[in-house]
Structure formats: C-alpha cells, structure tokens
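# Architecture and fold: a report
What follows is the residue order along each chain.
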Amino acid sequence: MKIKNKEIRKVAVLYGGWSTERKISIASGKAVMRALKKLKFDVVPIDLKKNGVKKLFNLKVDFVFIALHGKFGEDGTIQAMLELLDLPYSGSNALSSCIGMNKILTKKLLTFHKIPTPRWIEINTGGKEEIKLPFDYPVVVKPVSLGSTIGVSVVYNYKSLSSAIGLAKKYDDNVYIEEYIPGKEVTAGILGEEVLPLIEIIPLRGNFYTYKAKYTPGGAKHIIPAALENTTAEKIKKYAIEAFKAINCRGMARVDFRVDTDGNPWVLEINTIPGMTKLSLLPEAAKYAGIDFENLILKIIEYSL
C-alpha cells in the first residue's frame, strides 16, 4: 500500500516491553496487529523483552508501529534506536516522547507557553522531612515518569502524605505533588493535528481515574461528547493543540485535563502513545468521529510519515 508516496507492505508491531504497563501494551499490540492484518499488511509481531532488543538491529520492514507503554517504550528510548536504524515508526520522535513521558518537563514547557496546568512541587526526599506545600489539601502524589495512574494517590491531609510518597517511589525515583483540581476529568484525543470529540470520564469506583477503573469493564463511565459548555470545550481543544505543538508531538496523542467548577480547563499530562485496547479512549473518540479502528491505525501511519 502506498502511503505518502512510500510503499508500506511489511509492518513490525512492537508491544509488551518490560515496564509496569506490559499487560496493557500486550492488549494494545494485539489490537493493532488485528487491524493491520485486516488492512492486508504483512505483520511482524515483536513482543519486546529486555533481552530481545537486539532483534531490532536485523529488522527488515517498511514501518514500525509502536504499541509500547511506559518506560523503555514511550519515553524516547526505542524511538531513538529506530532513528539510528533509519526505520520509520509511529508517533512522536525521541525527544518529544521523552518530554511527554516526564511530567515535570511537560509542566515546565506548558508553563513556558502559558498553557494552564495545576501547580506542583518536586519531591527530593523520602518523605521523612517536613514538606511545606504552596497549595492546600487535597493534593495528588505522582511518579514523574509513569502512566496508567500507577503509583498515584489523592491525599487529603499531611498524615497520609508520607505513605503516598513512599508508594510513588516504588515505581519511580522522582516524585511530585500536584494541586488537586475539583471538578471533571476530560480527555482530548488528537489525530494528525485535529482534536477528536472530547470525552468526560466518570470513575464508578473511588474519586479518580485509577488503573483499575481504566482497564476493568464497568470501572468508569465515558460521556462522549463531554457534557461541557461550548466555551469550555473550545478552550480544551485550543489548549490540547497548543500542548501537542509545544512538545512537538506527531501522529497522535491524548491530552488529559481537569475542568474546575468554574469551567476552567487544566492540562494534567500528554500521552504520546495512547492505549489501543477495546477500553481505550483514543479509539473511542475516533469511532464517535466516524473513524473505525482499522482506519485509525492507517491514519496514524500516514500522519507519522
């Protein structure tokens, strides 16, 4: 098949990996492979394990579709290797992937470009010393470079702060505390440079969108299009594209927001390799926009080239 004047026949799908998000990456990879086979591509599946990276050095394909989530897949590592091997691949380049994975770097760029993001402080302590916050409780404690809400806690008082930091540090040496924004959780999928229909996420268990809520059927309710005032929806779309461009993303991404009780949107993070499972948000938004899963995969390849 000719895409952007390039003949694409054989596509490798990188999935699995060895991060804490391996299980989700396997599900994404399998969904992508099914779609590529329906599109009549010759698919080369690569369940990328730590001792199998050398497989990439002898890879003879026309394109690489990255369905890896988390460290060593979404953070620019694999992207840099593929660039060295001169293999075209899906999604953002190595530098953009690195920035998107590191939430502190993302926040610094957002702040520079005057894109609203909740206030935060970095934590360089094990949580034993007293931590003085420049904002009130509740707060959110997060690992700096992790996805799928792994190691994330909403904390309502100082007494619970130390244990939340300890949990986050199990997954990442670098931790930050973010101001909690009461209100709605909304996500904006981007394909090419177009914002797909916005989705409001309502967790059905607990008070925020946990790992379990994301990947368990019935764990959350998705409202599409999101129930928002037109002015708020337009602000979200504007900030989503601005964030996408600030980090120099490519192909696709998903920008997550909190919308406060006054209707003001706040960017939480950017996912440069959104999930591709049957419960994932980007495919759901694309479907609502009239783009089925196979065409979504095809468009991601096209925009990535």
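Read on for an overview of the structure.

### Quick look at the packing of helix H3 (residues 94-101) against helix H4 (residues 103-112)
The axes of two packed helices give the description: the angle between them and the distance between them. Direction vectors running N to C along H3 and H4 enclose 100 degrees, while the axes themselves pass 5 Å from each other. When the interaxial angle is binned, H3 and H4 end up roughly perpendicular. Contacts between H3 and H4 involve Ile 99, Gly 100 and Met 101 on the former and, on the latter, Lys 103, Leu 105, Thr 106 and Leu 109. Class assignment for the residues of the contact of H3 with H4 results in four nonpolar, two polar and one charged.

### Examining the side chain of Glu 178
Tracing the sequence through the fold places Glu 178 in strand E9 (residues 175-179). At a separation of 2.9 Å, a polar atom in the side chain of Glu 178 contacts the side chain of Lys 107. Within the local environment of Glu 178, its side chain forms a polar contact with the side chain of Lys 142, the two groups lying 2.8 Å apart.

### So, the pairing of strand E3 (residues 10-16)
When a strand is regular, its side chains alternate between the sheet's two faces. Among the seven residues in E3, six count as buried, and that is most of the element. Both E3 and strand E4 (residues 42-48) contribute to a ladder of seven bridges, which runs parallel. Residue pairing in the sheet places Val 13 in a bridge with Pro 45 of E4. In this fold, the crossover linking E3 to E4 by way of helix H1 (residues 22-38) has right-handed handedness. The pairing of E3 with strand E5 (residues 63-66) spans four bridges and is classified as parallel. Paired with Val 13 across the two strands is Phe 65, which belongs to E5.

### A word on the pattern of salt bridges
The tally for this structure, following the rule as stated, stands at 13 salt bridges. A salt bridge links Arg 119 to Glu 179, with the shortest nitrogen-to-oxygen separation between them at 2.9 Å. Taken as a pair, Arg 119 in the loop between H4 and strand E6 (120-123) and Glu 179 in strand E9 lie far apart in primary sequence, 60 residues in all. Relative accessible area serves as the criterion here: at 17%, Glu 179 is assigned to the buried category. As a salt-bridge pair, Glu 242 and Lys 238 come within 3.0 Å of each other at their nearest N and O atoms. Here the residue Glu 242 and the residue Lys 238 both occupy positions in helix H7 (residues 230-246), the gap between them amounting to four residues, near one helical turn. With a relative accessible area of 44%, Lys 238 lands in the partly exposed category. Linked by salt bridges that have partners in common, Lys 107, Lys 142 and Glu 178 make up one network.

### A few points about the nonpolar core
Grouped together as the largest cluster of nonpolar side chains are 33 residues, with contacts concentrated most on Val 13, Leu 36, Phe 41, Phe 65 and Ile 297. Those elements that provide at least two residues to this core are E3, H1, E5, strand E12 (199-203), helix H8 (281-288) and helix H9 (293-304). At five residues, H9 tops the list of elements feeding residues into this core. In terms of nonpolar packing, the next biggest core, distinct from the first, is built from 26 residues, Ile 190, Phe 244, Val 255 and Phe 257 among them.

### Some words on the sheet that holds strand E8 (residues 153-155)
Across the sheet, which stays open at both edges, the four strands sit in the order E6-E9-E7-E8 with antiparallel pairing between neighbours. Strand pairing shows two members of the sheet lacking a second neighbour, E6 and E8, which therefore form its edges. The sheet shows a mean angle of 25 degrees between the axes of neighbouring strands, direction not considered. Where E6 lies against E9, four bridges are found, and the strand directions are antiparallel. Residue pairing in the sheet places Glu 122 in a bridge with Tyr 176 of E9. In this fold H4 packs onto E6, strand E7 (139-143) and E9, with an angle of close to 145 degrees to the strand it touches most, E6.

### Re the packing of aromatic side chains
What characterises a pair of aromatic rings is the spacing of the ring centres plus the angle enclosed by the ring planes. Going through the model one piece at a time under the given rule, you end up with one aromatic pair. Geometrically, the ring pair formed by Trp 18 and Phe 72 is stacked, given 5.3 Å between the ring centres and 20 degrees between the ring planes. One end of the pair, Trp 18, is in the loop between E3 and H1; the other, Phe 72, is in the loop between E5 and helix H2 (77-84), with 54 residues separating them in the sequence. Classification of Phe 72 by relative accessible area gives partly exposed; the value is 37%. One Lys or Arg, Arg 250, reaches over the ring of Tyr 89 and ends 5.1 Å from the middle of that ring.

Analysis parameters
Residues numbered from 1 in each chain as written. Predicted model: local features only at pLDDT ≥ 70, side-chain atom pairs only at ≥ 80, totals over all residues. Heavy atoms only, no water. Axes fitted to C-alpha atoms, helices over the stretch in contact; angles between N-to-C directions. Helix = DSSP H or I, 4+ residues; strand = E, 2+ residues; numbered from the N terminus. Parallel < 35°, antiparallel > 145°, perpendicular 65-115°, else oblique. Contact = heavy atoms within 4.5 Å. Nonpolar A, V, L, I, M, F, W, Y, C, P; charged D, E, K, R; others polar. Polar contact = N/O pair within 3.5 Å; in protein donor to acceptor, adjacent residues only side chain to side chain. Buried < 20%, exposed > 50% of the residue type's maximum accessible area, 1.4 Å probe, protein only. Pairing = 2+ DSSP bridges. Right-handed = clockwise from strand over helix to strand, strands pointing away. Salt bridge = Lys/Arg side-chain N within 4 Å of Asp/Glu carboxyl O. Core = buried A, V, L, I, M, F, W, Y, C linked by side-chain atoms within 4.5 Å. Phe/Tyr/Trp six-rings, centres within 6.5 Å; stacked < 30°, edge-to-face > 60°. Lys NZ or Arg CZ within 6 Å of the ring centre and 35° of its normal.

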